[in-house]
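# Observations on the three-dimensional arrangement
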Amino acid sequence: MNVDLIMNELVKKNPGEVEYHQAVREVLESIEEVYNENPHFESAKIIERLVEPDRVMTFKVPWADDQGTIHVNRGFRIQFNNAIGPYKGGLRFHPSVNLSILKFLGFEQIFKNSLTSLPMGGAKGGSDFDPKGKSNSEIMRFCQSLMLELWNIIGPDTDVPAGDIGVGGREIGYLYGFYRKLARENTGILTGKGINWGGSLVRPEATGFGCVYFAKEMLATKGETFQGKKVAISGFGNVAWGAALKVSELGGKVVTISGPDGYIHDPEGISGEKIEFMLELRATNDDIVAPYALEFDSGQFIQGKRPWEVKVDIALPCATQNELNEEDAHHLIDNGCWCICEGANMPCTPEAVEAFQSKGILFAPGKAANAGGVATSGLEMAQNSMKINWSRKEVDDRLHHIMTSIHENCVEHGTNEEGYVDYVKGANIAGFLKVANSMVDQGLV
Ligand code: NDP
Ligand code: 2IT
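This text gives an overview of the structure that appears in the document. Counting restarts for each chain: residues are numbered from 1 in the order of the written sequence. Just so you know, chain letters begin at A and ligand numbers begin at 1, following the order they were written in. Thresholds applied to this predicted model are a pLDDT of at least 70 for local features of residues and 80 or more for the giving and counting of side-chain atom pairs; totals over whole chains, interfaces and linings are not thresholded and use all residues. Remark: hydrogens and water are excluded; side-chain values derive from all non-hydrogen atoms of the structure.

### Points about the site of ligand 2
Here is the rule: Throughout this document, a residue counts as near a molecule or strand when at least one of its heavy atoms sits within 4 Å of that molecule or strand. Under this definition, polar contacts are N or O atom pairs within 3.5 Å; protein pairs additionally need one hydrogen-donor-capable and one acceptor-capable atom, and for neighbouring residues in sequence, both atoms have to be side-chain atoms. Computed with a 1.4 Å probe, the accessible areas rest on the Shrake-Rupley method; for each residue, only the protein chains presented here act as cover. Helix and strand definitions here come from DSSP, where helices need a minimum of 4 consecutive H or I residues and strands a minimum of 2 consecutive E residues; each element is numbered from the N-terminal end. For this classification, Asp, Glu, Lys and Arg are treated as charged, while Ala, Val, Leu, Ile, Met, Phe, Trp, Tyr, Cys and Pro are nonpolar and the rest, including Gly, are polar.
Not every one of the 14 residues close to ligand 2 is listed here, only the nearest: Lys88, Lys112, Asp164, Arg203 and Ser377. With respect to ligand 2, the side chain of Gln109 contributes an N or O atom lying 3.0 Å from an oxygen atom. In this structure, an oxygen atom belonging to ligand 2 sits 3.0 Å away from a side-chain N or O atom of Asn345. Burial of ligand 2 by the surrounding chains reaches 94%, relative to a free accessible area of 300 Å². The set of elements that each furnish at least two residues to the shell around ligand 2 consists of β3 (87-93), α5 (99-115) and α15 (371-386). By residue class, the composition of the shell around ligand 2 is two nonpolar, seven polar and five charged.

### Regarding the nonpolar core
Spelled out, the test is: In plain words, nonpolar cores are sets of buried Ala, Val, Leu, Ile, Met, Phe, Trp, Tyr and Cys residues tied together by side-chain atoms within 4.5 Å. Per-residue accessibility, obtained with a 1.4 Å probe over protein chains only, is compared with the maximum for each type, and a residue is labelled buried under 20%, exposed over 50%, and partly exposed between these values.
Ranked by internal contacts, the top residues of the largest apolar core, which has 60 residues, are Phe214, Ile233, Leu316, Cys341 and Ile406. Broken down by element, this core gets its largest block of residues, nine residues, from helix α8 (residues 203-220). Core analysis: the next-biggest nonpolar cluster, separate from the first, contains 37 residues, Val34, Ile101, Leu105 and Phe107 among them.

### Considerations on the pattern of salt bridges
Our working definition: A side-chain nitrogen of Lys or Arg and a carboxyl oxygen of Asp or Glu constitute a salt bridge if their distance falls within 4 Å.
Evaluation of the coordinates by the stated rule reveals 21 salt bridges. Between Asp4 and Arg25 there is a salt bridge whose closest N-O contact spans 3.2 Å. Taken as a pair, Asp4 in helix α1 (residues 3-13) and Arg25 in helix α2 (residues 18-37) lie far apart in primary sequence, 21 residues in all. One salt bridge connects Lys45 with Glu42, and the closest N-O pair in it is separated by 3.5 Å. Its relative accessible area of 40% is what places Lys45 among the partly exposed residues. Look at Glu42 and you get partly exposed, because its relative accessible area is 33%. Shared partners join several salt bridges into a network, and the residues in it are Asp4, Arg25 and Glu29.

### Remarks on a negative patch on the surface
Quick reminder of the rule: Grouping into patches uses exposed residues only, defined as over 30% relative accessible area, and leaves out salt-bridged ones; the cut-off is 9 Å for like charges and 5 Å for nonpolar side chains (Val, Leu, Ile, Met, Phe, Trp, Tyr). Charge assignment in this entry is limited to Lys and Arg as positive and Asp and Glu as negative, and neither His nor the chain termini are counted. The atoms used to mark charge sites are NZ of Lys, CZ of Arg, CG of Asp and CD of Glu.
Residues Glu273, Glu276, Glu280 and Glu295 make up a contiguous surface patch of negative charge. With respect to the helices, strands and loops of the structure, Glu295 is situated in helix α11 (residues 291-295).

### Examining the pairing of β3
The condition that has to hold: One bridge is not enough; two strands pair if DSSP finds at least two bridges between them. Place the viewer so that the strands point away; then a crossover is right-handed whenever the path from the first strand over the helix to the second strand goes clockwise.
Of all seven residues in β3, seven are buried; the element is thus mostly enclosed. Bridging between β3 and strand β4 (residues 121-127) involves five bridges; their strand directions are parallel. When the bridges of β4 are listed, Phe93 appears paired with Ser127. This β-α-β element, β3 to α5 to β4, shows right-handed connectivity. The pairing of β3 with strand β5 (residues 159-162) spans four bridges and is classified as parallel. Bridge pairing links Gly90 to Ala162 in β5.

Next comes the structure, spelled out in structure tokens:
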């Protein structure tokens, strides 16, 4: 394989899709050696077949606001690869949503889902709809209009969507309700469902919990724990909330959360009722983090800045892609931060990752560290298929076990001669091998 040649071709075929190019390049650079050691991958043209999604669907989503004014958004579902199981991946509602962002997310999802050890292929979808400032009834009408198109192309054994940015329990409820009405069936069609209608315990917390379980394993490779460590978290959404809960439970001190408007620095620690307040903030639909400082005296709001300037031991970026750049990475390193574990998808730019790795700092990519969300979605699907509900402990134990196994896989495939664990390489190789071998086994389809 020649990475530059493949990338040139990819850029030519998918012009302007910079996030997608970024995600593919990272994977190709990591797997180049393994790929070249296995000539049957080349003869089966595995890379060319992997970087072209199986299907890209876009559709019109018309809806009326509370004043009766009509709006038209664009809906997407990208079914990327189903070699190891039904397509699986979230739906994102955000004005920045476009083909590039969804293709990067769908491509990442293939390897992430493979790492979970559960039978799930890769997909992603969503819309450029902006949930900010919308009423509940507007959100419901939008979700119903989207589902009117989506229901024909998804199914419990075909393609199982879930949440992502802008899509949480409320949106999954409206989507599920309308699917049930259209299809006249109750099946495990979406994950992240409410606990009364087919959801799994621990799914809301799972991405954040999983990220912290993964970081715990990273720290253990240095004989360390979360006890007494200062932790910077970005975002204040679903993932940030779960991560903050688990860090506090393990004795760490979360000193930041952030929103697009700036960040909160709370040197006394964000725990207990302060973490619950994050949920209230998120539920306002305003998407600003500043009110935290009005509610709690210990919290200071730093407008227009990112949390990476605060002196911490551990950083968990949990907001969005490319939110931590090279300059931020140097701030963290200069301040003595020695473990970065991605809760979001691709939050660190390639230059930031390079800065961490060149200093021998612990760094874990989202496709390994945030796989707990989709893994628990897989556990929700399993419970739906069996028509039973597992206890909180049963789900949490399984999640914990999955995250520990992913960590072991990364160490196995990513440890270099000096003993440094390159988690990016380890995750990409482990995720890739399972999918590539499955594609070879199943012939040219
Ligand atoms: P939420 O919508 O609950 O929270 C994310 C919020 O972060 C967005 O509303 C966004 O606000 C805000 N944000 C955007 N840019 C920044 C920034 N620069 N600094 C701080 N905040 C910002 O989404 P989730 O918590 O579900 O998702 C967060 C990340 O985790 C995403 O990368 C997602 O793909 C990933 N993820 C989510 C999983 C899940 O189960 N939910 C599973 C695995 C990964 P705004 O709208 O104003 O831009
Ligand atoms: O990025 C992700 O892994 C998610 N948004 C969760 C996907 C899922 O199907 O649970």
